[in-house]
Amino acid sequence: MRVLQLIDSLETGGAERVAVNLANALSHEIEKSFLCTTRKEGLLKESLLNEVGYLFLNKQKTIDYKAISALNAYVKANNINIIHAHSSSFFVATLIKFLNKNVNIVWHDHYGNSEFLENRKYGVLKFFAKYFSHIFSVNKALETWARENLKAKKVTYLPNFATIDRQSGITNLSGVSGKRIICLANLRPQKDQMTLLDAFKIVVEHYPDWTLHLVGKDFQDAYSEDVKYKIDELDLKESVYLLGSKPDVFHILEQCDIGVLSSKSEGLPIALLEYGLANLTVIATRVGECESVIKHDKNGMVVNALDTNALAHAIMFYIENEENRKTHAKKYNKHIQENFSEKFQIKTMIEIYNQII
């Protein structure tokens, strides 16, 4: 079995993390594991194990004949029999199948706006889906959507998993040790850092020595400008740190105490799993599969999306109740270790790979 993970970039997004995690984990379980990024490299390249075969296509346009030819030659030269395509890379994967009938396509659906599936455009995807041997969906809503809209018969709900990536610790956080909150999410509207900032303003008024650290890619777009304006408008420049993408995520998490996600829509966020591995207390919104991971008031807190006051109160509850904070963090860590482990997910995946080939 020789499997290639195909992804558009290696920037620090959820789908990208999954692709790298899978490539690394499979390198110990199958004959050979590969990863190809089509458009961009990024910080996650540093996380790839040496055992993983790696290709960067530097694809410049939708149909880039040079890039497609290079990938097809690589697939043939390495006898790759499964291309595991993540998100929009299904397009390139299927073009390779047109050129090489021996290749099987597995598509991994990471669609983040699963709360708004009625708005999803899928005409091109539906055409290409008939060439997929299997579909993995990161939450149950996407699994149902694939069956109903893509008419796919072979679909599996496959929860994400996280791994501890001990990159050299280079990022030292500002703020007081023991009083740090982190939001690990790219600056995108669906992640809704705006509500988090409004909530944190309430928190700071009561607990001015606590700090918020926003870690994730800054796309330098209109939403990014809105976030920065909000920080200024709320006079939070001394309490909120906008750090951008970082390679040493686990080192950063270990310096924090509470992990928050304030998203309007999610699949199964890798960040929530990483919070657990790093022994953080967690607060998230009631979207996607977040409630299947966090058991409210037992190992964390779940609040409604866009509810500023509920989010602020959840944060302040943990600030005021250190014993609850530590107990919930310990329970959550155990829950993640037992239910979202690399070993279980890889076993499921390899079983499906074997059925395909």
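Keep in mind it's a predicted model, so treat the numbers as computed, not measured.

S.K.: Please set out the nonpolar core residue by residue, giving values where relevant.
M.R.: Ranked by size, the top nonpolar core spans 79 residues in total, and within it Leu197, Tyr275, Ile283 and Ile315 carry the most contacts. Of all the elements, helix 11 (residues 308-320) adds the most residues to this core, at seven residues. Among residues more than four places away in sequence, those in contact with Tyr275 are Ile182, Cys183, Leu184, Leu253, Gly259, Val260, Leu261, Leu280, Val282 and Tyr332.

S.K.: Describe in detail the sheet that holds strand 2 (residues 32-37), supporting the description with residues and values.
M.R.: Here seven strands make up an open sheet; going across it, the order is 3-2-1-4-5-6-7 and the pairing parallel. Every interior strand has two partners, whereas the edge strands, strand 3 (53-56) and strand 7 (155-157), have only one. Here the strands of the sheet are splayed against their neighbours by 20 degrees on average, with no regard to which way each runs. Strand direction decides the pairing type here: strand 5 (residues 104-109) and strand 6 (residues 132-137), joined by five bridges, are parallel. By the bridge assignment, Val106 is partnered in strand 6 with His134. Helix 1 (residues 14-26) rests against strand 1 (2-7), strand 2, strand 4 (82-86) and strand 5 of the sheet, and its axis sits at about 165 degrees to strand 1.

S.K.: I'd love a proper account of helix 2 (residues 65-77), names of residues and values included.
M.R.: When the terminal C-alpha atoms of helix 2 are compared, their 18 Å separation across 13 residues agrees well with the 18 Å that a helix rising 1.5 Å per residue should span. Every buried residue of helix 2 is listed here: Ala67, Ile68, Leu71, Asn72, Tyr74 and Val75. With its buried residues spanning 160 degrees around the axis, helix 2 presents them on a single face. Those residues of helix 2 that are exposed and aimed more than 90 degrees away from the buried face are Tyr65, Lys66 and Ala77. Capping the start of helix 2, Asp64 holds a side-chain oxygen 3.2 Å from the backbone nitrogen of Lys66, two or three residues further along. The positive-phi residue at the C-terminal boundary of helix 2 is Asn79, with phi of around 55 degrees.

S.K.: Account for the sheet that holds strand 9 (residues 211-215), with residues named and values stated.
M.R.: Taken in spatial order, the six strands line up as 10-9-8-11-12-13 in an open sheet, and their pairing is parallel. Two strands in the sheet have a free side with no partner beyond their single neighbour: strand 10 (240-244) and strand 13 (301-303). Direction aside, neighbouring strands of the sheet carry axes that sit 20 degrees apart on average. Bridge analysis of strand 12 (residues 281-285) against strand 13 gives three bridges, and the strand direction is parallel. Note that in strand 13 the partner of Ala284 across the bridge is Val302.

S.K.: Give me the lowdown on the pattern of salt bridges, citing residues and values where you can.
M.R.: One pass over the full model with this rule turns up 16 salt bridges. We note a salt bridge from Lys237 to Asp232, for which the minimum N-O separation is 4.0 Å. For Asp232, a relative accessible area of 43% translates into the label partly exposed. Through salt bridges with shared partners, a single ionic network connects Glu11, Lys40 and Lys217.

S.K.: How would you explain the pairing of strand 1 if you had to name every residue and give the values?
M.R.: For strand 1, the tally of buried residues reaches six of six residues, placing the bulk of the element in the interior. Neither face of strand 1 is open: one carries Arg2, Leu4 and Leu6, the other Val3, Gln5 and Ile7, and all of them are buried. As paired elements, strand 1 and strand 2 share six bridges and run parallel to each other. In the strand pairing of strand 2, Arg2 is matched with Lys32. In terms of handedness, the path from strand 1 via helix 1 over to strand 2 forms a crossover that is right-handed. When strand 1 meets strand 4, the two strands line up parallel, connected through four bridges.

Parameters at a glance
Residues numbered from 1 in each chain as written. Predicted model: local features only at pLDDT ≥ 70, side-chain atom pairs only at ≥ 80, totals over all residues. Heavy atoms only, no water. Core = buried A, V, L, I, M, F, W, Y, C linked by side-chain atoms within 4.5 Å. Buried < 20%, exposed > 50% of the residue type's maximum accessible area, 1.4 Å probe, protein only. Helix = DSSP H or I, 4+ residues; strand = E, 2+ residues; numbered from the N terminus. Contact = heavy atoms within 4.5 Å. Pairing = 2+ DSSP bridges. Axes fitted to C-alpha atoms, helices over the stretch in contact; angles between N-to-C directions. Expected span 1.5 Å × (residues − 1). Arc of directions from axis to C-beta. Polar contact = N/O pair within 3.5 Å; in protein donor to acceptor, adjacent residues only side chain to side chain. Salt bridge = Lys/Arg side-chain N within 4 Å of Asp/Glu carboxyl O. Right-handed = clockwise from strand over helix to strand, strands pointing away.

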